[in-house]
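Next come the chains, spelled out residue by residue.
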Amino acid sequence: MIGVMLGEAWHAMGANRMRTFLTMLGMVIGVGAVIAMMAIGQGVKDSVNESIASMGSNLFIVLSGSASTGGMRMGGGVAPTLTLADAQAIAELPSVRASAPVASGSAQVVYGSNNWSTSISGVTPDYLEVAGWQIADGYWISDSDTRSATRVAVLGQTVVDNLFGDEDPLGKIIRIKQSPFTVIGVLQAKGQSLDGRDQDDTILMPIRTAQRQVLGQQFRTSVRMTMAQAISAEAMPQAEKDMNDLLRQRHRIRQGADDDFNVRNMTALAKTAAQTAELMSMLLGAIASISLIVGGVGIMNIMLVSVTERTREIGIRMAIGARRRDILAQFLLEAISISIAGCLVGVALGVSAALLVNHLTDTPVVITLSSILLGFAVATAVGVFFGYYPAHQAAKLRPIEALRFN
Amino acid sequence: MTNTDDLIRISHLNKQYDTAAGPVPVLHDLSLEINRGEFVAIMGPSGSGKSTFMNILGCLDVPTSGQYILEGADVGTLDTDALARLRNKVIGFVFQGFNLLPRANLETNVALPLLYARVGKAERLERARHYLNAMGLSKYCKSLPSNISGGQQQRVAIARALASNPSLILADEPTGNLDTHTSQEIMDIFTRLNAEEGITVVLVTHEPDIAHYAKRLVRFVDGRIVHDGGVEAAHEVAA
């Protein structure tokens, strides 16, 4: 029975090809848009998650407080309130796995005839793991480098590209603020951070070296910030409280007085970014879904016309024994066939559109099987929903009136 | 008085249509019995209610009051599905305008009642070909209705009416669109089906010559039966 009805639906669709094509077009565009938008949304979501993963997990950043100079208040991280000793004390907290103090600034770097302005960070050996970096080539800064403040540098990929081009940077001498530094390692590229900064445009060196040789007076004994990693995701709130209590005690801040430091939960920030990406992806999908609904209305419109045109046929079928549900099933199946056929073309169109966008704009796209299956499910649902009313109109015709219709 | 030969028993049947101007009575207090194996012609001027009567006979419409019993079933009490089943199993329709599905080939057209009777595909096509063959159309099984003549189309319609093996064939002006010669051929088919297969035939016509093929004549005027008897009267009143 279903087979025969599918055959009839196919015949009916073939009888008026142009009209069937135009009706299908609504579904094609709707499904295509949904597939393409979901692919782009998923791609953005994945790249945000990748940035988050590159940031390191369960991460806090402890910034030193703001400074006030002649009534002008500077931003956070400017006053030299946070020290290396603070960072060590944080590392000893039971809820904290490791901490990595960072003294940072920027400087002009020279190698041969090339020069490049980049950010300089003085770090300790723990920094590599806490910040989620990996060494691509050479060595990482050792404890003895930190203790004796040797002039060694580990370069980010962007710096390597700009100073050395194709040359191998390992063992070469670069000059930072007139001091010579030996390049001992190169970092694995991380790409952009969540806020769009190039994370690879950086030079890392032992923290005491940076404090003494590069950053100048202000940070001679202090650090701009300390990164701290909690022992687990569950321990994050405890770690935040512990660090606040510890630093207030160490800095002798009285009850009620303002903190001269600032603990930021980076994981919470990352979560917000991930939620934003998720929301954007949903919004894109929702907008695309509207065109699916419009496509459905198009199907309903044409099915109503078709029922009117074929009133006599319906009368004949009823006269020779078709029950109402037979007529209902026939027209419903026809609507579903149109919408699924449209969906098939739409999937192809959506996938090609997503790939084209990826090719032309470098926007990452991810086409998942689930989005295609969802497209089919929605198309079937649209066919049933918008096909039901016309099919019902057909089924409730009275046979004598339908037979009399010309 | 129960008679096993009764195929159709109509008693005190009324039919009226509700229009904006109020109810319009069409059939008045009809009582009529048709036995199995009869060949009945129904005549009457337009507006006499014969089409309405045929619609009720064919279970396409139900009476306003009174009783219509077809093969023991009280048609007035049945729901739409039961009426559809009755049309499918008991009645074969032959229309003036043939009423074949234009996009379906002949065997599909003939097999259509069997589709709604939920007969399997192989048997459906076998029976469709059998009846097309009986109508001398076996070589047109895959043709479309538009590619054959009117007489041939009417024979396809008869094959379709026969496909579900009905007790009753209702023919509404079956020769109205055909020339004299073809009309005779079609009427010969009805005569043969009635005589050889014992199928009850009820046909509506306004042509006395066609009515003469029947064995019984029922004449309607203004929603009432004015004659029920021999077909010799067909010419007299029409003249």
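Residues numbered from 1 in each chain as written. Chains lettered and ligands numbered in written order. Predicted model: local features only at pLDDT ≥ 70, side-chain atom pairs only at ≥ 80, totals over all residues.

(A) Summary view of the sheet that holds strand E7 (residues 168-172) of chain B. Residues and elements named next belong to chain B. Sheet architecture is open: six strands sit in the order E6-E7-E8-E3-E9-E10, paired in mixed fashion. Here the strands that pair on one side only, and so sit at the sheet edges, are strand E6 (91-94) and strand E10 (224-229). Going across the sheet, the axis of each strand differs from the next one's by a mean of 15°, ignoring polarity. Here E6 pairs with E7 via four bridges, running parallel. Residue pairing for E7: Ile91 is matched across the bridge by Leu168. (Pairing = 2+ DSSP bridges. Helix = DSSP H or I, 4+ residues; strand = E, 2+ residues; numbered from the N terminus. Axes fitted to C-alpha atoms, helices over the stretch in contact; angles between N-to-C directions.)

(B) Quick look at the interface of chain A and chain B. Contacts between the two partners involve 16 residues from chain A, matched on the other side by 20 residues from chain B. Considering each element in turn, the side of chain A that touches chain B owes the most residues, four residues, to helix H10 (residues 311-319) of chain A. (Contact = placed C-beta atoms within 7 Å.)

(C) View of unusual backbone geometry. The phi dihedral of A:Ala149 falls on the positive side, at around 50°, and the residue is not glycine. Its location among the elements puts A:Ala149 in the loop between helix H5 (143-148) and strand E8 (152-155). Since 17 C-beta atoms lie within 10 Å of it, A:Ala149 is described here as partly exposed. A positive phi angle, close to 60°, is found at B:Cys59, a residue other than glycine. With respect to the element layout, B:Cys59 can be found in the loop between helix H1 (50-57) and strand E4 (65-70). Its 25 C-beta neighbours within 10 Å are what place B:Cys59 among the buried residues. (Buried ≥ 20, exposed ≤ 12 C-beta atoms within 10 Å, placed from the backbone.)

(D) Highlighting the domain arrangement of chain A. If you check the domain split of chain A, you get domain 1 (2-51 + 272-404) and domain 2 (80-259). The C-alpha-based centres of domain 1 of chain A and domain 2 of chain A are spaced at 56 Å. (Domains from an automatic or database assignment.)

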